[in-house]
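The primary structure of each chain is shown beneath.
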Amino acid sequence: MKELDFDSKNMEATEDFLSSAYTPMRVGGKAASTRTRVVRHAAGGLVVDRLSLDYTMAYDAGCLNRVCLVTMAEGTLVDTTGGAEEVFGPGETFLLAPHDRPYSGEVRSARYTITMFDPALLGQVAAADGPVALTGARAVSADANRLLGSAVAHVRDHILTDPDVDAHPMLVANAARYLASATLRALPHSASDGEAGGGGRDATSRTVRAAVAYIEENADRDITLADIAASVPVSPRAVQYAFARHLDSTPLAYLRRVRLALAHADLRAAEPGTATVTSVAMRWGFAHPGRFAAAYRSAYGRAPSSTLRA
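Residues numbered from 1 in each chain as written. Predicted model: local features only at pLDDT ≥ 70, side-chain atom pairs only at ≥ 80, totals over all residues. Heavy atoms only, no water.

Asks: Got a sec to walk through the side chain of Thr-183? Specific residues and values, please.
Replies: Relative to the elements of secondary structure, Thr-183 occurs in helix 4 (residues 169–186). Polar side-chain contacts of Thr-183 include one of 2.8 Å to the backbone oxygen of Leu-179. Not counting residues up to four positions away in its chain, the partners in contact with Thr-183 are Leu-69, Phe-117, Leu-122, Leu-134 and Leu-148. (Helix = DSSP H or I, 4+ residues; strand = E, 2+ residues; numbered from the N terminus. Polar contact = N/O pair within 3.5 Å; in protein donor to acceptor, adjacent residues only side chain to side chain. Contact = heavy atoms within 4.5 Å.)

Okay, structure coming up:
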């Protein structure tokens, strides 16, 4: 895990740091106090920063090349990209800027979180044939805003702050896709769930058999829907249709069931005192202990801790 802690009242040092941490930019501030603090936790291409500024800082920045979500705790952020002015305040989680465009604005005496991930993940989780673009900065509803804020908080507080997170690359990859999925549920985007994409003709039982074999042979690896589809090979949408038609499931739900079964086997095989439920869950990509326990109890009729003790 990469950790970083920047704390300075020097505007030149702040500009240099922000330019290296995000994208080349010019910043300025006129207040008597210009303290900037940034605390970063990052792993596997997933970045979460906590920022605190006690002044108004203007910025003019280049392309981020990453999806950049901002979650406001205090203060305001004013986006002035393109000459318009849009104000975001406490409680909002929003897209700072399209990943491939420059942006500008002001942060006014604020505490906030910045979360960044690879834009390619949007296409992966949407099972799209090409890139997926986010077409709006704000969430489509208050519920969607809460969902996205909760996803950011979970990754920030329970995944990237774990000192052993680097030992669980599958967990980090799943967390990044979880965040991308929450982003697509919350923000407007270019992918259309109603488009068939020509996958119906490939939604055969052969597709399911080939995909299931690949999943069961590779469940210990960080595999995606695109990987599963490529192994057949068919389009991601086709493999989704095949699982819905023949198994009444999805490829990723089937992958989770396989991993749950492997976690069950590990719990049964563990020597007393050599493993914990949390460590086994993390090994198989389950980031949330409570949800793992609930899924385990539903599948096996007992708590995972009972299996481990037995």
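Following the structure, the description resumes.
Asks: Lay out helix 8 (residues 251–269) in plain terms, naming residues and giving numbers.
Replies: Taking 1.5 Å per residue as the helical rise, helix 8 with its 19 residues ought to reach 27 Å, and the 27 Å between its terminal C-alpha atoms agrees with that figure. Restricting attention to buried positions, one finds in helix 8 the residues Pro-251, Ala-253, Tyr-254, Leu-255, Val-258, Arg-259, Leu-260, Ala-263, His-264 and Leu-267. (Expected span 1.5 Å × (residues − 1). Buried < 20%, exposed > 50% of the residue type's maximum accessible area, 1.4 Å probe, protein only.)

Asks: Kindly report on the packing of aromatic side chains, identifying the contributing residues and their values.
Replies: As enumerated under the stated definition, the model contains seven aromatic pairs in all. When the ring of Phe-6 is compared with that of Phe-17, the centres are 4.3 Å apart and the planes differ by 5°; the resulting orientation is stacked. Residue Phe-6 is located in strand 1 (residues 2–8), and its partner Phe-17 is located in helix 1 (residues 11–21); the two are separated by eleven residues in the primary sequence. When sorted by exposure, Phe-6 lands in the same class as Phe-17, which is buried. Between Tyr-296 and Tyr-300, the ring centres sit 4.8 Å apart and the planes meet at 40°, which makes this aromatic pair tilted. One end of the pair is Tyr-296 and the other is Tyr-300, both in helix 10 (residues 289–300) and four residues apart, which spans about a single turn. Since its relative accessible area comes to 0%, Tyr-296 is described here as buried. Residue Tyr-300 is classed as partly exposed on the basis of its relative accessible area, which comes to 31%. Taken together, the aromatic side chains of Phe-286, Phe-292, Tyr-296 and Tyr-300 make up a single cluster linked through ring pairs. Positioned over the ring face of Tyr-22 is Arg-40, at 5.4 Å from the centre of the ring. (Phe/Tyr/Trp six-rings, centres within 6.5 Å; stacked < 30°, edge-to-face > 60°. Lys NZ or Arg CZ within 6 Å of the ring centre and 35° of its normal.)

Asks: Describe empty space enclosed by the protein, and please don't skip the residues or the numbers.
Replies: Using a probe with the size of a water molecule, rolled over the atoms, empty space left in the structure can be pinpointed. In total, this model carries three cavities of 30 Å³ or more according to the counting rule given. Considering the residues around the largest cavity, the lining is formed by 18 residues, among which Met-25, Leu-96, Tyr-103, Tyr-112 and Ile-114 are closest to the centre. Counting residues per element, the ones that place at least two in the lining of the largest cavity are strand 3 (36–43), strand 4 (46–53), strand 5 (56–61), strand 6 (67–79) and strand 9 (103–117). The greatest single-element share of the lining of the largest cavity, amounting to four residues, is contributed by strand 9. Broken down by class, the residue content of the lining of the largest cavity amounts to 17 nonpolar, one polar and no charged. (1 Å grid on protein atoms, 1.4 Å probe; cavity = no way out; pocket = protein on both sides within 12 Å on 5 of 7 lines; lining within 4 Å. Points joined across faces, edges and corners; volume = space filled by probe spheres on them. Nonpolar A, V, L, I, M, F, W, Y, C, P; charged D, E, K, R; others polar.)

By themselves, these figures tell us nothing about what the structure is for.
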